[in-house]
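Architecture at a glance
Each chain, written out:
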Amino acid sequence: MTGKGNPSPNVVLGAVFLIGFGVLLEMNFLLIHHLGNARYESTFYRTAWQFLSDLLTQHHPLEVVFLAATGYTFYQIVGRSARQAVAGRKWTRYFAEHADAGKMERLNAAYRKWNIPITIVRDPSVLALTTGFIRPRIVLSTGLIRLLSAEELEAVLLHERYHCRQRHTVKKFAVQLMMDGIGYIPIIRSLGRHYFIGIELSADRYAMDQMNSSYEIGSVLLKLVRHNGQYAGVGAGGTVHFADTAVNYRIEQIVNPDQPVRVALASAKTVAISAILLSLMLAALLLECPI
Amino acid sequence: MSGINNYHLNEEGLQRFFGSLQARIMETIWASDQLSIKEVHARLNDESPIALNTVMTVMNRLEERGILRKSTTGRGKNRLTLYSAVQSKEQFLAEQAKTVTHGLIREFGDLVVAHMVDAMEEADPALIQKLERKLMELKQRS
């Protein structure tokens, strides 16, 4: 299942992982090599000082930059993972405190065959989301349920069901880690963004196919845009530019379901800069650990 | 507008955005359109005793945060300062609900894989008009 006209999100995901893990592997090599060659002193601080002075005086500047990038990357990855763990606990507590038991029981009974837990939270906000790594769940708010008709709610559930079945929670988190950790290689950011848009297009297409109509999901999007109150219609000149965000591609797909929705993958400049940076990293690795 | 920086997610209704006295003041003003500090104090004092200074401080703080607006009429002894809400209760709650949604998603991070409100504010009006026409077309066809 994919938005027509684009590479499948799984192909994009593969590209992110290929570049990302390649870079991480190089970084590990470099780190292990440096740590292996370090002279260990009696205390941590003396060892660290020894390591740093050796690095700055005995090595090529390219290696120093690469090692700094390695430190930044690991810091970002560990930081994001820790923040996410804290956020996960907050979500769990929030769900438990705000669960609407009656509505939840009825909806879970109606969709028992899906084998996906559905949580309903008492909240006037309009929330519809998929969360959870090990066993993804769908979360809806009572504010959303009040806003939508039964058919529209089903379209939302189908959209979220697709995210659950495809384990997009884990995949998206992994992509986000890559974007945080090695986002300084611009192609990672472009591919990540493309992946995020791609999974939304695929989830909408799944809902459209299952319902055999694009009406419901289109109607949901329209209601949400209106609910957000940002839509004031086209201005007098009608000169409003297309914003390059997921919602616009999603609307395009609904308006022209048979036409390909093309999402730009990466500009030539992005590819060129990324290729130069990746080559420099490889050069730094070869300088340090010649074959 | 808004002026609300802290949300109490575990509370319900207005208590989510205001302390209990602030919420009572806002309810009183929404019920009466325009009131002076003395009038608000008199109404709250009927329910439970409260100092005029406390009410004055809280109302001035709400005014500073852009939630209340004050207007002054008359001069000298006839001078009267009245307070009214900048937004109706419905407008206020609708705006806050939206802000809370975005706040929730921001605060809780990327475990939230997809949310339907994602970037809705960046929807292209020209595309939305196309969507409206498409939906009308689909409705007529069915």
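This report concerns the structure included in the present document. (Residues numbered from 1 in each chain as written. Chains lettered and ligands numbered in written order. Predicted model: local features only at pLDDT ≥ 70, side-chain atom pairs only at ≥ 80, totals over all residues. Heavy atoms only, no water.)

Some thoughts on the overall build of chain A
Helix and strand counts for chain A come out as 11 helices and three strands. Mapped from its N terminus to its C terminus, chain A presents α and β elements in the order α-α-α-α-β-β-β-α-α-α-α-α-α-α. For 291 residues, the compact-globule formula gives about 19 Å, and the C-alpha radius of gyration of chain A, at 24 Å, lies well above that figure. Seen through its principal axes, chain A has C-alpha atoms that stretch 70 × 45 × 35 Å. Counting across all 291 residues of chain A, residues that qualify as buried make up 48%. Taking as baseline every contact in chain A between residues at least 6 positions apart, the subset at least 24 positions apart corresponds to 68%. (Helix = DSSP H or I, 4+ residues; strand = E, 2+ residues; numbered from the N terminus. Rg over C-alpha atoms; globule rule 2.2 N^0.38 Å. Buried < 20%, exposed > 50% of the residue type's maximum accessible area, 1.4 Å probe, protein only. Contact = heavy atoms within 4.5 Å.)

Quick notes on the nonpolar core
Membership of the largest hydrophobic core comes to 39 residues, with the highest contact counts inside it found for Ile138(A), Leu140(A), Leu144(A), Leu157(A), Ile251(A) and Leu131(B). For this core, the elements supplying multiple residues, two or more each, are strand 1 (118–121), strand 3 (137–141), helix 6 (150–165), helix 8 (186–211), helix 9 (215–228) and helix 10 (246–255) of chain A together with helix 5 (125–141) of chain B. Ranked by residue count, the leading element in this core is helix 6 of chain A, at seven residues. Look past the residues within four positions of Leu131(B) in its chain and what remains in contact with it is Gly218(A), Leu221(A), Leu222(A), Ile251(A), Ile254(A) and Val255(A). Formed by 35 residues, the second largest nonpolar core is a distinct cluster that contains Trp91(A), Val55(B), Val100(B) and Phe108(B). (Core = buried A, V, L, I, M, F, W, Y, C linked by side-chain atoms within 4.5 Å.)

What to know about the packing of aromatic side chains
Residues and elements named next belong to chain A. The final tally for this structure, using the stated rule, is 11 aromatic pairs over all chains. Connected via pairs of aromatic rings, a cluster forms that spans Trp-91, Tyr-94 and Phe-95. Residue placement shows Lys-172 over the ring face of Phe-196; its charged tip is 4.9 Å from the ring centre. (Phe/Tyr/Trp six-rings, centres within 6.5 Å; stacked < 30°, edge-to-face > 60°. Lys NZ or Arg CZ within 6 Å of the ring centre and 35° of its normal.)

Describing the sheet that holds strand 1 (residues 34–35) of chain B
Residue and element names in this part refer to chain B. Across the sheet, which stays open at both edges, the three strands sit in the order 1-3-2 with antiparallel pairing between neighbours. Looking at strand neighbours, the two that pair on one side only are strand 1 and strand 2 (68–73), the edges of this open sheet. One ladder, built from six bridges, connects strand 2 with strand 3 (residues 80–85); its direction is antiparallel. Considered in strand 3, the bridge of Lys-70 is made with Tyr-83. Strand contacts of helix 1 (residues 20–32): strand 1, strand 2 and strand 3, with the helix running at about 95° to strand 3, the strand carrying the most contacts. (Pairing = 2+ DSSP bridges. Axes fitted to C-alpha atoms, helices over the stretch in contact; angles between N-to-C directions.)

Examining the environment of Ala246(A)
Residue and element names in this part refer to chain A. Looking at where Ala-246 falls in the secondary structure, it is placed in helix 10. By relative accessible area, Ala-246 is classed as buried at 10%. Placed 46 residues apart in sequence, Ala-246 and Glu-200 show a C-alpha to C-alpha distance of 7.2 Å.

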